[in-house]
Amino acid sequence: MKIPVGVSNRHIHLKEEVYKLLFDEELSKRAEAVIAEEEAKLEEALIPYRKVLEGKKAILNTGGNKTWSIASALQDIGIDVVATSVKKATLEDREICAQYVKILMEDPSEQPKLIDEHNIDILLAGGRSLYTAIKKKVAFVDVNQTFKAMHLLLFRIYAGYRDWETDRKSVV
């Protein structure tokens, strides 16, 4: 099972799981109320991040389900993910990714050209892409290191939305 990272994906996932597990209409309604309450708190907590990051453009060079899950999470805080690498992604991941990202890169060597063409602010990739970020003078986030922090989110998915905001602080 692929666990969603973005807020909207998480909400849909939790809702589906609640309905699958509970079969009790009253209990499902109460669960939905808790989800809505926690999501509202999260939205409030993310406002400062959105103020800083709204409108920034990024390229992801990750792999597998990270191609779309990180893209979704970045979009939640206002970052426009222009392109992502799908070289290591499954067909299913590619299809999901196409819902979130305009350009699906087959070859990471496209990064420098895309950075220039789309006025990219942030490159999220493995350490091999650091030189590209330095050369193109864009911010760099080592996804392999950052994803360790993102795993906190994945393993605590049912711990509540407060953990989501905490995880965002550790990544941002």
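As a starting point, this report considers the structure included with it. (Residues numbered from 1 in each chain as written. Predicted model: local features only at pLDDT ≥ 70, side-chain atom pairs only at ≥ 80, totals over all residues. Heavy atoms only, no water.)

Things to note about the pattern of salt bridges
Under the definition given, this model contains seven salt bridges. The salt bridge involving R94 is made with E106; its shortest N-O contact spans 2.5 Å. With R94 in helix α4 (residues 91-97) and E106 in the loop between β3 (103-105) and α5 (111-118), this pair connects stretches of sequence that are 12 residues apart. The exposure class assigned to R94 is partly exposed, which follows from its relative accessible area of 24%. Here E106 falls in the partly exposed class, since its relative accessible area comes to 43%. Notably, a salt bridge pairs K136 with D116, separated by 2.7 Å at the nearest N-O pair. Here K136, found in helix α6 (residues 130-136), pairs with D116, found in helix α5; they are 20 residues apart in sequence, far enough to count as distant. Shared partners join several salt bridges into a network, and the residues in it are E37, E38 and K41. (Salt bridge = Lys/Arg side-chain N within 4 Å of Asp/Glu carboxyl O. Helix = DSSP H or I, 4+ residues; strand = E, 2+ residues; numbered from the N terminus. Buried < 20%, exposed > 50% of the residue type's maximum accessible area, 1.4 Å probe, protein only.)

Some points on helix α2 (residues 25-53)
Here α2 spans 39 Å end to end across 29 residues, near enough to the 42 Å set by a 1.5 Å rise per residue. Its axis deflected by about 40° at I47, α2 carries its strongest bend there, up to four residues before the proline P48. Here α2 has its buried residues at S28, A31, E32, I35, E38, E39, L42, L46, Y49, R50 and L53. Once α2 finishes, G55 follows within two positions and takes phi at roughly 85°, a positive value. (Expected span 1.5 Å × (residues − 1). Bend = angle between axes of the 7 residues up to and from the residue.)

Some words on the nonpolar core
In a soluble, globular protein the nonpolar side chains are often hidden away together inside. Core analysis: the largest hydrophobic core is formed by 21 residues, its most contacted members being L60, L74, I77, I79 and L124. Contributing elements (two or more residues each) for this core: α2, β1 (57-61), α3 (66-76) and β4 (122-125). Setting aside chain neighbours within four positions, we find L74 in contact with L60, I79, V81 and L124. One finds I59, L114, I115 and L123 within the second-largest nonpolar core, a separate group that totals 11 residues. (Core = buried A, V, L, I, M, F, W, Y, C linked by side-chain atoms within 4.5 Å. Contact = heavy atoms within 4.5 Å.)

Remember, this is a structural readout, not a statement about activity or role.
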